[in-house]
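# A closer look at the structure
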Amino acid sequence: MEMVLALWVGVSVIVLVLLGLFVFGLRRRLIQRSGGTFDCSLRWDVSEEPDPSGKGWVYGVARYSGDRVDWFRVFSYAPRPRRGLERSAIEVIARRLPEGEEELALLSDSVVLGCLHRGIRLELAMSEDALTGFLAWLEAAPPGQRVNVA
């Protein structure tokens, strides 16, 4: 009887882990369904000095949605974006390569973009291709919108 109970508990744990992984994959698929997505790590409310420790970076997926970019944490079950960045409120202030332990915390081909969004300093890390698309999206703002790209 104890062997049957242990087997049932083991199978239940395996099923729950597989279900959790399936839901992660399904969520990402739903986020990417409408297109316009790219891998993008985010570090929110950073100091003016670069922090090469790699702390504070959160891996995510960003999705263009009209005049905003919605950012979703990868390791989350939340159906809504964690952050929304309005195009008219983004000011690009710096661009650099990852330094120190950041290279381990970010994807291998990442470029770090320092930005201000409504007075909050943040950093976005994305591939060179994604960066090109992001900067083009910023500069393609409708007439009359102020966009600052360094």
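Quantities reported herein were computed from a predicted structural model and do not represent experimental measurements. (Residues numbered from 1 in each chain as written. Predicted model: local features only at pLDDT ≥ 70, side-chain atom pairs only at ≥ 80, totals over all residues. Heavy atoms only, no water.)

Turning our attention to the environment of Asp70. The residue Asp70 is located in strand S4 (residues 68-73) in this model. Under the relative-accessibility criterion, Asp70 is labelled buried at 6%. Sequence-wise, Asp70 and Arg80 are ten residues apart; in three dimensions their C-alpha atoms are separated by 8.8 Å. With residues near it in sequence (within four places) discarded, Asp70 still touches Val61, Ala62, Arg63, Ser65, Pro81, Arg83 and Gly84. Of note is the side chain of Asp70, whose polar atom sits 2.8 Å from the side chain of Arg68. (Helix = DSSP H or I, 4+ residues; strand = E, 2+ residues; numbered from the N terminus. Buried < 20%, exposed > 50% of the residue type's maximum accessible area, 1.4 Å probe, protein only. Contact = heavy atoms within 4.5 Å. Polar contact = N/O pair within 3.5 Å; in protein donor to acceptor, adjacent residues only side chain to side chain.)

What follows concerns helix H3 (residues 128-139). In this model H3 runs 17 Å from its N-terminal to its C-terminal C-alpha over twelve residues, within 8% of the 16 Å that 1.5 Å per residue would give. Those residues of H3 that fall on the buried side of the exposure criterion are Ala130, Leu131, Phe134, Leu135, Trp137 and Leu138. Viewed along the axis of H3, the buried residues span an arc of 155°, placing them on a single side of the element. For H3, exposure combined with an orientation more than 90 degrees from the buried face picks out Asp129 and Glu139. (Expected span 1.5 Å × (residues − 1). Arc of directions from axis to C-beta.)

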